[in-house]
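Below, each chain spelled out in residue letters.
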Amino acid sequence: MPVELKMLAWSMLLGLVYFLIATTLVTLQRGLAWNASNREGESKPLTGVTGRSDRAFKNFLETFVFFVAAVLAVVVAQRTNASTALGAQLFFWARVVYLPVYLIGIPYLRTLVWATSIAGLLMVVFGLF
């Protein structure tokens, strides 16, 4: 199996970790009754680590769809190489680091880690050209 597909599989599991952390913290902050409700009307804004976990999860989803498309495209086109493999690994490991950095609240490091994940994503995309 190509490295790119392995990183895609690990990234799917990582996305579940982002999701589980965010939903658990949201439930702890807003309560089980809110979680079980229809959630109609305005909800109080999420604060602290809970808000950061929710934003980190949404950020993961925003970039993950492009990562999925890029990995599947390079594999189907049989354009995988050392650079696309490294790019997929960079994306995955940067996203691993991104979550705790965001939860802790380290702003400039968070941006640097995010940029690293985007660089990895672009390395995969450029394998198509």
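Read on for a plain summary of the structure. The structure presented is a predicted model; accordingly, all values stated were derived computationally and were not measured.

### Examining the overall build of the chain
Phase 1: For the chain, the helix and strand inventory stands at 5 helices and 0 strands.
Phase 2: Listing the helices and strands of the chain from first to last along the sequence gives α-α-α-α-α.
Phase 3: Dimensions of the chain, computed from the C-alpha atoms along their principal axes, are close to 50 × 30 × 20 Å.
Phase 4: Residues classed as buried in the chain amount to 35% of the 129 residues present.
Phase 5: Contacts spanning at least 24 positions in sequence make up 79% of the contacts within the chain whose residues lie at least 6 apart.
Phase 6: Counting 10 positive and 5 negative side-chain charges, the chain places the averaged centre of each group 7 Å from the other.

### Digging into the pattern of salt bridges
Phase 1: Counted by the stated rule, this structure contains 1 salt bridge.
Phase 2: The partner of Lys-58 in a salt bridge is Asp-54, with the nearest N and O atoms 3.0 Å apart. With Lys-58 and Asp-54 both in helix H3 (residues 48–76) and 4 residues apart, the pair spans about one turn of that helix.

### Re the side chain of Ser-53
Phase 1: Checked against the element boundaries, Ser-53 lands in helix H3.
Phase 2: With residues near it in sequence (within four places) discarded, Ser-53 still touches Ile-21, Ala-22, Leu-25 and Leu-103.

### Structural notes on the nonpolar core
Phase 1: With 24 residues, the main nonpolar core has Tyr-18, Ala-56, Phe-67, Tyr-98 and Val-124 as its most contacted residues.
Phase 2: Looking at this core, the elements with two or more residues in it are helix H1 (3–30), H3, helix H4 (82–104) and helix H5 (107–126).
Phase 3: Non-local contacts of Tyr-18, meaning those with residues more than four positions away in its chain, are made with Ala-56, Phe-57, Phe-60, Arg-95, Tyr-98 and Leu-99.

### Focus: the environment of Ala-9
Phase 1: Locating Ala-9 in the fold gives a position in helix H1.
Phase 2: Taking the C-alpha atoms as reference points, Ala-9 and Phe-92, 83 residues apart in sequence, are found 9.9 Å from one another.

### Describing the environment of Gly-87
Phase 1: Tracing the backbone shows Gly-87 in helix H4.
Phase 2: Residues Gly-87 and Gly-127, spaced 40 residues apart in sequence, show a C-alpha to C-alpha distance of 9.5 Å.
Phase 3: Not counting chain neighbours up to four residues away, the residues in contact with Gly-87 comprise Gly-120, Leu-121, Met-123 and Val-124.

### A few points about H5
Phase 1: The terminal C-alpha atoms of H5, which comprises 20 residues, lie 29 Å apart, in line with the 28 Å expected from a rise of 1.5 Å per residue.
Phase 2: Of the residues making up H5, those classed as buried are Val-113, Ser-117, Gly-120, Leu-121 and Val-124. Looking straight down H5, one finds that the buried residues subtend no more than 100° of arc, so they occupy a single side. Along H5, the residues that are exposed and aim more than 90 degrees away from the buried face are Tyr-108, Leu-112 and Phe-126.
Phase 3: Of the surrounding elements, those touching the buried residues of H5 are H3 and H4.

Calculation notes
Residues numbered from 1 in each chain as written. Predicted model: local features only at pLDDT ≥ 70, side-chain atom pairs only at ≥ 80, totals over all residues. Heavy atoms only, no water. Helix = DSSP H or I, 4+ residues; strand = E, 2+ residues; numbered from the N terminus. Buried < 20%, exposed > 50% of the residue type's maximum accessible area, 1.4 Å probe, protein only. Contact = heavy atoms within 4.5 Å. Lys, Arg positive; Asp, Glu negative; His and termini not counted. Charge placed at Lys NZ, Arg CZ, Asp CG, Glu CD. Salt bridge = Lys/Arg side-chain N within 4 Å of Asp/Glu carboxyl O. Core = buried A, V, L, I, M, F, W, Y, C linked by side-chain atoms within 4.5 Å. Expected span 1.5 Å × (residues − 1). Arc of directions from axis to C-beta.

Note that all results are geometric; they support no functional claim without further evidence.
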